[in-house]
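The residues making up each chain are set out below.
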Amino acid sequence: MRYVSTRGQSASNTNPSGPTFSEILLGGLAPDGGLYLPESYPQVSRSELEQWRALSYAELAYEVLSRFIDDIPPDDLKELLRRTYTAEVYCNGRVRERAGEITPLHWLEAPDPARGEGGLAILELSNGPTLAFKDMAMQLLGNLFEYVLAKQREEINILGATSGDTGSSAEYAMRGKQGVQVFMLSPHERMSAFQRAQMYSLHDANIHNIAVRGTFDDAQDIVKAVANDRAFKARYRIGAVNSINWARVAAQVVYYFKGYLAATSDAGDDDRQVAFAVPSGNFGNICAGHIARMMGLPIGRLVLATNENDVLDEFFRTGVYRPRATAETVATSSPSMDISKASNFERFVFDLVGRDPTVIRALWSAVDAGCGFDLSGTPFLARLPEFGFVSGRSTHADRLATIRGAFERYGLMIDTHTADGLKVGSEWRTAEMPMVILETALPAKFEETMVEALGRKPERPAALHGIEKLPQRVTVMDVSVEEVKRFIARQLG
Ligand SMILES: *Cc1c(COP(=O)(O)O)cnc(C)c1O
């Protein structure tokens, strides 16, 4: 399998037919500024899909991912996936005896064809070490990095900025990994006590927490400045694990297959469809759903849910993509969806415009210049229904009402992001197919809003009791690119 850039220039002198999976694993953007996608989507037939019902999560992951990864020997890939998707790593879920399923499906309302009820379910994706769905892909990334770096006898130093979720997920995935050091910047005293404890209580020698006396944007700016210093970047082998990383998107494709099989596990006819509702920010999660659908998985609908930062809802309703300025981006109670532009969106639009890189270059030259684009009235927008997307928006008041409703009706506590998914997913339910809501975090991560909604604190998985009291390891710094560079240089000797 070769990979192409959405902007058309992925082949090079050394790689005339385009890079392979391992060659794009450690990088970010393609050299032309585009995003990588497979040259074509591998197809899965209905009969293959039926045979996959009996597989464990790791085995299913092998069937799906081996079609995208053909430069790692099959036995090595199998072993790597078996080590990644274990009940021990994904054991924080509420239904402990089902931990081996990795992503258990939980019916809120069972399907009832006699009453014209398609059913409503939650797919638990937050049972990993940091209680958010990002662990599903990041844990695999950690093992893939270690494997590929060892083969290439290389090392990488990951530099990132986080306001909470991504940083901790990356640190838990990379801790103790050979050949990898992590330098993670976070805004000093601006994260919750729980978030701080999650990251700063890691004492692994290859994990370096840096708290900058500033905001998340200040931290992000430092990361960009360091990455723009080509000499420094090359000398210290600086890399990233951001949401555009292809391996992260690919890893997320697997749970759509798992969710489909779980939601159709009772006897029924063969051409059943399933709808998925996805709390969305950078469009990584739902992009994986789009790819699963392009591979032939019978997904009837992909329901995109945003919070008040509704740039993507606006596009799917109107065809206008209008990235917001930082000042226009509001801080909400589903903070992991607070985005001004959606970094993975370019991947979907590439397919929407018939994979024409010329069109993408034109559209994204406007995006990169801080403007947007308008596809209304173009033949591209007319094709949108073929892709199964619909969308909706959820506000703080919706979130609180949905959390209360789910607790009263189903006795279930859901987090604020999953609540956005449930709110919008419920609006798009039909009698024809089950609606599966993707759970993106556990409520324990967002205590404050849970208390606001329900008047009580959410339960915390036993492994994380008292985490705030553990000794912490963090270096506090001013907002200074030079100071961060000096720190990195000193650590790497
Ligand atoms: C990252 C994140 C999202 C958004 O996912 P995208 O892949 O960026 O669309 C939603 N909910 C939670 C809890 C997250 O951490």
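Residues numbered from 1 in each chain as written. Predicted model: local features only at pLDDT ≥ 70, side-chain atom pairs only at ≥ 80, totals over all residues. Heavy atoms only, no water.

1. Focus on the environment of F194
Rule in force here: A run of H or I in DSSP becomes a helix once it reaches four residues, and a run of E becomes a strand once it reaches two; helices and strands are each numbered from the N terminus. Contacts are assigned to residue pairs that have any heavy atoms within 4.5 Å of one another.
With respect to the secondary-structure elements, F194 resides in helix α7 (residues 193-200). Separated by 272 residues in sequence, F194 and G466 place their C-alpha atoms 9.4 Å apart. Setting aside chain neighbours within four positions, we find F194 in contact with L131, A444, K445, R460, L464, I467 and E468.

2. Description of the site of the ligand
To keep it simple, the criterion reads: Only heavy atoms are used to decide nearness, and a residue is near a molecule or strand if one of them lies within 4 Å of it. Polar contact is defined as a pair of N or O atoms within 3.5 Å, subject to the rule that within protein one atom must be able to donate a hydrogen and the other to accept it, and that residues adjacent in sequence are counted only when both atoms are side-chain atoms. Note on areas: these come from Shrake-Rupley sampling with a 1.4 Å probe, and a residue is covered only by the protein chains present in the view. Put simply, Ala, Val, Leu, Ile, Met, Phe, Trp, Tyr, Cys and Pro go in the nonpolar bin, Asp, Glu, Lys and Arg in the charged bin, and everything else, Gly too, in the polar bin.
The environment of the ligand is formed by 15 residues, the closest being K134, D165, G281, N282 and N285. The contact in question runs from an oxygen atom of the ligand to an N or O atom on the backbone of G281, over 2.8 Å. One of the side-chain N or O atoms of T440 is found 2.9 Å from a nitrogen atom in the ligand. For the ligand, whose free accessible area comes to 390 Å², the fraction covered by protein is 96%. Here the shell around the ligand is composed, by residue class, of 5 nonpolar, 8 polar and 2 charged.

3. So, the pattern of salt bridges
The condition that has to hold: Here, a salt bridge means any side-chain nitrogen of Lys or Arg that lies within 4 Å of a carboxyl oxygen of Asp or Glu. Burial classes: relative accessible area under 20% of the type maximum marks a residue as buried, over 50% as exposed, and values in between as partly exposed (1.4 Å probe, protein chains only).
Scanning all chains against the criterion turns up 30 salt bridges. Among the salt bridges present, the one from D478 reaches R213, with a minimum N-O distance of 2.7 Å. Taken together, the residues D478 in the loop between β15 (475-477) and α19 (481-492) and R213 in the loop between β7 (207-212) and α8 (216-228) connect sequence positions 265 residues apart. Note that K457 and E447 form a salt bridge whose closest N and O atoms lie 4.0 Å from each other. Highlighted residues: K457 in the loop between α18 (447-454) and β15 and E447 in helix α18, separated in sequence by 10 residues. For K457, a relative accessible area of 57% puts it in the exposed group. Judged by its relative accessible area of 22%, E447 is partly exposed. Shared partners join several salt bridges into a network, and the residues in it are D310, E314, R322, R324, E328 and R393.

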